Amino acid sequence: MLSTTIIDGKETSRKTLQSLAEDIEQLKRQGHTPGLAVVLVGEDPASRVYVNSKVKACEELGIYSQKWTLPTETTQEDLVKLIRQLNADERIHGILVQSPPPRHIDEQAVILNIDPRKDVDGFHPVNVAKLVLEDPTGFVPCTPLGCMELLRSYGISPQGKHAVVIGRSMIVGKPMAHLLMSRQANATVTIAHSRTADLPALCRTADILVAAVGRPGLVTADFIKPGAVVLDVGINRVEDPTRPRGYRIVGDVDYGSVQPLCSAITPVPGGVGPMTIAMLMSNTVKACKLACGM
Ligand code: NAD
């Protein structure tokens, strides 16, 4: 029986933050304090939780933070005005507008107004281009960056491997595929999506399988080549009357049936999730260093 490494995102995130704290200390000694502005428009409870945990992470690390909570009826014009104000604020190196904004806000238009040098989410077209160009001065979306950091810290080299990424979003799937195919990682990459024919057969050819779909339990044992590495990005709420909250969080992978077949796998929760915030902090420190000419 294959023994499976359970990739511990909490521990890896803790180590990443610890090493960032040392970087921040050094920056502060040189008179520079990294700063992040987090903007939330509306009342979405999940977004509120995400924003609070980002601000808390800043406080714990000694990153200067601003939290802007705007009412649902905020106009696009007012939001853009705030973004421009933050672009001009020298204390702020990173700007993040929590997704999704209310429906009357054009998210892409808002992103275009963020100074690409402060776009720590990596959503601005300049940063998308820099990712494709493999320009190290760009910002890469935090979740796929976190996946790569997990592979790196567990000594899993993608070189020469076949990686299949399920999902083609701009936030996870596409940047993940680019990172895996980059000259640093050297995997051979296939992107699968909702119209892919015979998804299980394709996935069975994967040495590294990344699931970023948003469908609980989509990836079952028949998707897995024995010994594959599985990264489960999905965060899905499923009803669970046995839990006090009435639900639990699961990934896109049917963990019970898949885990015994893998050489390594990320659990949900506790896998990819904790890495996302750590990478946001890392991008903010990088933005500060670049702004200071380091
Ligand atoms: P999305 O809805 O933008 O994209 C989902 C992708 O899955 C699409 O490209 C679609 O083509 C594909 N897809 C849908 N149904 C499919 C099917 N049956 N078979 C194959 N492909 C299918 O979602 P997203 O923003 O990329 O997020 C994906 C998941 O990752 C969600 O569960 C989300 O909550 C989670 N997520 C987690 C983190 C984290 O920090 N861990 C961050 C971002 C997103």
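Further up the page is the structure itself.
In this text the structure is predicted, and so the values were computed from the model without any measurement.

This part covers the side chain of Thr-4. Mapped onto the elements of the fold, Thr-4 is located in the segment before β1 (5-6). Ignoring sequence-local partners within four residues, the contact set of Thr-4 consists of Gln-259, Pro-260, Cys-262, Ser-263, Ala-264 and Ile-265.

Ranked by size, the top nonpolar core spans 50 residues in total, and within it Leu-36, Ile-63, Leu-180, Val-210 and Met-281 carry the most contacts. Broken down by element, this core gets its largest block of residues, eight residues, from helix α10 (residues 273-291). If we skip the residues at most four places from it in the chain, Met-281 touches Leu-17, Leu-20, Leu-36, Lys-54, Ala-57, Cys-58, Leu-61 and Ile-63. Ala-192, Phe-223, Val-253 and Val-258 belong to the second largest nonpolar core, which has 17 residues in total.

The next subject is the packing of aromatic side chains. With the rule as written, the count across this model stands at zero aromatic pairs. Sitting above the plane of the Tyr-247 ring, Arg-237 keeps its charged end 4.0 Å from the centroid. When the ring centre of Phe-139 is taken as reference, the NZ or CZ atom of Lys-286 above it lies at 5.3 Å.

Let us now look at helix α3 (residues 76-88). With 13 residues, α3 extends 19 Å between its outermost C-alpha atoms, agreeing within 8% with the 18 Å of an ideal straight helix rising 1.5 Å per residue. When we look at burial in α3, the residues that qualify are Leu-79, Val-80, Leu-82, Ile-83, Leu-86 and Asn-87. End-on, the buried residues of α3 take up no more than an arc of 155°, which puts them together on one face. Turned more than 90 degrees away from the buried face of α3 sit Glu-77, Lys-81, Arg-84 and Ala-88, all of them exposed. As for α3, its buried residues are in contact with β2 (35-41), β3 (64-70), β4 (94-97) and α4 (107-113).

Looking at the ligand, there are 21 residues lining it, with Arg-168, Ser-169, His-193, Ile-235 and Thr-276 nearest. Between the ligand and the protein, one listed contact pairs a nitrogen atom with a backbone N or O atom of His-193 at 3.4 Å. Arg-215 is positioned with one of its side-chain polar atoms (N or O) 3.5 Å from a nitrogen atom of the ligand. Partitioning the shell around the ligand into residue classes produces nine nonpolar, ten polar and two charged.

One open sheet holds the six strands; their spatial order is β1-β11-β8-β7-β5-β6, and the pairing between them is parallel. Only two strands of the sheet have a single partner each, and these edge strands are β1 and β6 (188-192). Sheet topology places β1 next to strand β11 (residues 264-265); two bridges connect them, and they run parallel. Looking across to β11, one finds that Ile-6 is bridged to Ile-265.

Right, let's talk about the pairing of strand β5 (residues 162-166) for a bit. Of all the five residues making up β5, five are buried; the element is thus mostly covered by neighbouring parts of the structure. The alternating pattern of β5 places His-162, Val-164 and Ile-166 on one face and Ala-163 and Val-165 on the opposite face, and all of these are buried. Both β5 and β6 contribute to a ladder of five bridges, which runs parallel. Its bridge partner lying in β6, Ala-163 is registered against Val-189. Between β5 and its parallel partner β6, the chain crosses via helix α7 (residues 173-181), and the hand of that crossover is right-handed. For β5 and strand β7 (residues 208-211), the ladder comprises four bridges, and the chain directions are parallel. Bridge assignment links Ile-166 to a residue of β7, and that residue is Ala-211.

Three or more residues of α7 are buried, namely Gly-173, Pro-175, Met-176, Ala-177, Leu-179 and Leu-180. Packing partners of the buried residues in α7 comprise α5 (125-133), α6 (142-153), β5, β6 and β7.

Procedures and definitions
- Residues numbered from 1 in each chain as written.
- Predicted model: local features only at pLDDT ≥ 70, side-chain atom pairs only at ≥ 80, totals over all residues.
- Heavy atoms only, no water.
- Helix = DSSP H or I, 4+ residues; strand = E, 2+ residues; numbered from the N terminus.
- Contact = heavy atoms within 4.5 Å.
- Core = buried A, V, L, I, M, F, W, Y, C linked by side-chain atoms within 4.5 Å.
- Buried < 20%, exposed > 50% of the residue type's maximum accessible area, 1.4 Å probe, protein only.
- Phe/Tyr/Trp six-rings, centres within 6.5 Å; stacked < 30°, edge-to-face > 60°.
- Lys NZ or Arg CZ within 6 Å of the ring centre and 35° of its normal.
- Expected span 1.5 Å × (residues − 1).
- Arc of directions from axis to C-beta.
- Near = heavy atom within 4 Å.
- Polar contact = N/O pair within 3.5 Å; in protein donor to acceptor, adjacent residues only side chain to side chain.
- Nonpolar A, V, L, I, M, F, W, Y, C, P; charged D, E, K, R; others polar.
- Pairing = 2+ DSSP bridges.
- Right-handed = clockwise from strand over helix to strand, strands pointing away.

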